[in-house]
Amino acid sequence: MAFAQEKIYTEEDYYKIPEGVRAELIDGKIYYQAAPGRIHQEILMFLSKTIANYIDQKGGPCRIYPGPFAVKLFQNHTTIVEPDISVICNPDKLTSRGCTGAPDWIIEITSPSNSGNDYIRKLNLYMDAGVREYWIVNPSDCTVFVYRLAESRFENISYSFHESIKAGIYDHLFISLKDFAQE
């Protein structure tokens, strides 16, 4: 008796997904995503504006891309993610379709339906790809987990929304999410 084989999806399949359908391709599997909630989007806009304003003031090659924005982490054609926020400092990584290679900084804002992806699957992907800094923002418990790449491993520090968090890839950027803290 033959067993059914699971289909391995590729970059070609990913780009056939209809526009407006949110999905990621991770290790040959397609993961569909629900639309984010209001608080998720408010935090996304706040962080995007804060980081973009800092980049504009300081200059330099870095660019910020809020999701959906395709990031092809590896050359294997079976993994394309759409982080909530990607900061890319090497313009050679940018393509007409998004980013090829590891962004310098990725921020994911958890939703109840996707937190396992952010804390486990994507954490390992981003570390393996060489993302220098990865933040997981959790609006439900008002925490931010900051992972910074040290050699080939992430080192982790956790913060509450009331604390000022230093962006590791910049010398003078500090961010507080205190206005989003649930009392």
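Scroll up for the structure.
The rules behind these values
Residues numbered from 1 in each chain as written. Predicted model: local features only at pLDDT ≥ 70, side-chain atom pairs only at ≥ 80, totals over all residues. Heavy atoms only, no water. Phe/Tyr/Trp six-rings, centres within 6.5 Å; stacked < 30°, edge-to-face > 60°. Lys NZ or Arg CZ within 6 Å of the ring centre and 35° of its normal. Helix = DSSP H or I, 4+ residues; strand = E, 2+ residues; numbered from the N terminus. Buried < 20%, exposed > 50% of the residue type's maximum accessible area, 1.4 Å probe, protein only. Disulfide = S-S within 2.5 Å. Polar contact = N/O pair within 3.5 Å; in protein donor to acceptor, adjacent residues only side chain to side chain. Contact = heavy atoms within 4.5 Å. Salt bridge = Lys/Arg side-chain N within 4 Å of Asp/Glu carboxyl O. Expected span 1.5 Å × (residues − 1). Bend = angle between axes of the 7 residues up to and from the residue.

With that out of the way, let us pick up the packing of aromatic side chains. Pairs of aromatic rings are described using the distance from one ring centre to the other and the angle between the two planes. For the structure on display, the rule yields 11 aromatic pairs. By way of ring pairs, the aromatic residues Tyr 54, Trp 105, Trp 135 and Tyr 170 are connected into one cluster. A cation over a ring is seen here: Lys 7 above Tyr 9, with NZ or CZ 5.0 Å from the ring centre. Its guanidinium or amino end placed over the ring of Tyr 15, Arg 97 lies 3.8 Å from that ring's centre, counting from NZ or CZ.

One can find Asp 92 in the loop between β6 (85–88) and β7 (94–95). On the basis of relative accessible area, Asp 92 is assigned to the exposed category, the value being 71%.

Attention shifts here to the state of the cysteines. Inspection of the entire model under this criterion finds 1 disulfide. There is a disulfide in this structure between Cys 62 and Cys 89, and the S-S distance comes to 2.0 Å. Classification of the bridge connecting Cys 62 and Cys 89 rests on its S-S torsion, roughly 100°, and on that basis the disulfide is right-handed. Taken together, the residues Cys 62 in the loop between α2 (38–58) and β3 (63–66) and Cys 89 in the loop between β6 and β7 connect sequence positions 27 residues apart. Note on Cys 99: no disulfide assigned, nearest cysteine sulfur contributed by Cys 89 at a separation of 10 Å.

Its place among the elements puts Thr 143 in strand β11 (residues 143–150). Of note is the side chain of Thr 143, whose polar atom sits 2.5 Å from the side chain of Asp 141. Residue contacts for Thr 143: discarding those within four places in its chain leaves Ile 136, Val 137, Asn 138, Tyr 159, Ser 160 and Phe 161.

Once that is clear, we can look at the pattern of salt bridges. Applying the stated criterion across every chain, the model contains 10 salt bridges. Salt-bridge contacts for Asp 13 lead to Lys 7; the nearest nitrogen and oxygen are separated by 3.9 Å. For Lys 16, the salt bridge is made with Glu 12, and the minimal N-O distance between the two is 3.4 Å. For Lys 16, a relative accessible area of 57% gives the class exposed. One connected set of salt bridges, linked through shared partners, spans Glu 24, Glu 108, Asp 118 and Lys 122.

A word on helix α3 (residues 115–129). Taking 1.5 Å per residue as the helical rise, α3 with its 15 residues ought to reach 21 Å, and the 20 Å between its terminal C-alpha atoms agrees with that figure. The axis of α3 is deflected most strongly, by about 40°, at Lys 122. Of all the residues in α3, the buried ones are Asn 117, Asp 118, Lys 122, Leu 123, Leu 125, Tyr 126 and Ala 129.

The analysis is restricted to geometry; functional conclusions fall outside its scope.
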